[in-house]
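Fold and contact review
Read off the chains here:
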Amino acid sequence: MRSTRFTVPTADELAALARIRQSDVVSLLLPPLPAAEAHLTLRNLVKRAGKLLRRSMRTADAQEFLHPVHELLDDHAIWASPIVSLAMYVGESELHVAAGPERGEPLAVVGPRWHVAHLLTGSPAQRYAVLVLTRGTSHLYRGRAGTITETRTAGLPAEMAEVLRYDDREPQLQSHGSARRGGGTVVAAFHGQGGRGDQPEDVARYLRFVAAEVEEVLGGEPLVLAATNELAAAFRKIAAYAVIEPTVVPGNAEHTSLPALATQAEAILAGSAADLQRASVEQFASAAATGSALSDLGEILTAAHDGRIEQLAVIGGNQVWGRYDSARRRVSEVSVPHDGVDLVNEAAAETWLHGGEVLDAVDAPVPAPWQMAATVRF
């Protein structure tokens, strides 16, 4: 059994978790509980999962299937915190431990898809980058969920003096002389008040070099600048990179420890995610108020499977148990808890896998009786 530990999955990990399996898998969800209560609750969830598994396999096979969870029950590191919340996803050859739901009842689910609705709301913790930028030097770091490491390229880290010395790709206004290098390139000799790097043209030239290196390396992850407000503003004007956070880690972060840098960067990213979530909920609420949102469960599931949902608003922690008949494109029955699948999770997973946005709409108007609603692209 392969064990994979992560507290907040990346987008690729979420996609793997959200897809339908060919055989049954087990989801164990614990909302925040005191550690001792959480430990007992998880034991009861494992027993419940064992009973559900025995509907389709022998008792010995069910016990073997859940064996890795029993091992985690004795992992003291998990229960060291006063409050514990987690989600465990068990498959025939894999085990994942992820962040648990913020609310709702403890849950054991056996079915063809892991129960990941609570992980899909908002933005999953993703890879990010931090550019520590001063007038003297620049360093690029990449991080995810509390870990951060420096990225070294042919050009980074870069010292401003070295960039100005060797990068002569632009003519400078304040220059003289005609010294030539190698193939006849003119090398400008700067003059003016202050030392090398004090002039605005020098700073701009240095920032253009750094921006080009950053754009070459990064693949679309959000970039947090650790710099003075003045230098950060100048970099934003020059850089073509699309995802630069508006808030900076202030001051000179060159000597900040990596854990402290990660903490500050992730706090900025969390704030941005919260702002985006609020804006999305407001956008959805406006659509719902005009009657353009779907609230029928069958229509929502059909639109989700077709990839037509733009935004799906769900009340976190709620489930609707039943079966969706994909051939007839309707809900064939709504059943008692844990018989069939949770149709809220089904709609959330299909929405997310098709590029839609899943909202935790606890503060948004969601029509009864299903506790979810959707806006569609077409």
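No experiment lies behind these values; they were computed from the predicted model shown. (Residues numbered from 1 in each chain as written. Predicted model: local features only at pLDDT ≥ 70, side-chain atom pairs only at ≥ 80, totals over all residues. Heavy atoms only, no water.)

For the rest of this paragraph, the subject is the packing of helix α10 (residues 297-306) against helix α11 (residues 343-353). Two numbers describe how α10 lies on α11: the axes approach to 8 Å, and their chain directions differ by 30 degrees. When the interaxial angle is binned, α10 and α11 end up roughly parallel. For the crossing formed where α10 meets α11, the hand is left-handed. For the pair formed by α10 and α11, the contact residues are L297, I300, L301, A304 and H305 on the first element and L343, E346, A347, E350 and T351 on the second. Here the contact of α10 with α11 is built from residues that sort into six nonpolar, two polar and two charged. (Axes fitted to C-alpha atoms, helices over the stretch in contact; angles between N-to-C directions. Helix = DSSP H or I, 4+ residues; strand = E, 2+ residues; numbered from the N terminus. Parallel < 35°, antiparallel > 145°, perpendicular 65-115°, else oblique. Left-handed = near helix turned anticlockwise from the far one by under 90°. Contact = heavy atoms within 4.5 Å. Nonpolar A, V, L, I, M, F, W, Y, C, P; charged D, E, K, R; others polar.)

Viewed as axis vectors pointing N to C, helix α7 (residues 200-217) and helix α8 (residues 229-238) meet at an angle of 65 degrees, and their least axial separation amounts to 9 Å. Between α7 and α8 lies a crossing whose hand is right-handed. Facing V203, A204, L207, R208, V210 and A211 of α7, the residues of α8 in contact are L231, A234, F235 and I238. Tallied by class, the residues present in the contact of α7 with α8 amount to nine nonpolar, no polar and one charged.

Judged by nonpolar contacts, the single largest core of 38 residues is most densely connected at Y89, V116, L120, I300, L312 and M372. Here the element with the most residues in this core is α11; it accounts for six residues. In this structure, V46, L72, V84 and V110 belong to the second largest nonpolar core, which totals 28 residues. (Core = buried A, V, L, I, M, F, W, Y, C linked by side-chain atoms within 4.5 Å. Buried < 20%, exposed > 50% of the residue type's maximum accessible area, 1.4 Å probe, protein only.)

Another point: the sheet that holds strand β17 (residues 357-360). The three strands lie next to each other as β17-β13-β18, forming an open sheet whose pairing is mixed. The sheet is open, and its two borders are formed by β17 and β18 (372-376), each paired with just one other strand. Neighbour to neighbour, the strand axes of the sheet diverge by 15 degrees on average, direction disregarded. Here five bridges tie strand β13 (residues 309-314) to β18, and the two strands are oriented antiparallel to one another. (Pairing = 2+ DSSP bridges.)

This part takes up the pairing of strand β4 (residues 94-99). Burial of β4 is extensive: five of the six residues sit out of reach of the surface. Sheet analysis places strand β3 (residues 83-90) next to β4, joined by five bridges and oriented antiparallel. Of the residues in β4, the one forming a bridge with L86 is A99. Between β3 and β4, which pair antiparallel one after the other, the connecting turn spans three residues.

Right, let's talk about the side chain of E346 for a bit. Within the secondary structure, E346 sits in helix α11. With relative accessibility at 12%, the residue E346 sits in the buried group. Excluding residues within four positions of it along the chain, E346 makes contact with R113, L301 and H305.

Following the sequence through the fold, G219 ends up in the loop between α7 and β12 (223-226). Note on G219: relative accessible area 69%, which makes it exposed. Placed 22 residues apart in sequence, G219 and Y241 show a C-alpha to C-alpha distance of 9.6 Å. When residues no more than four places from it in sequence are discounted, the contact partners of G219 are R142 and Y241.

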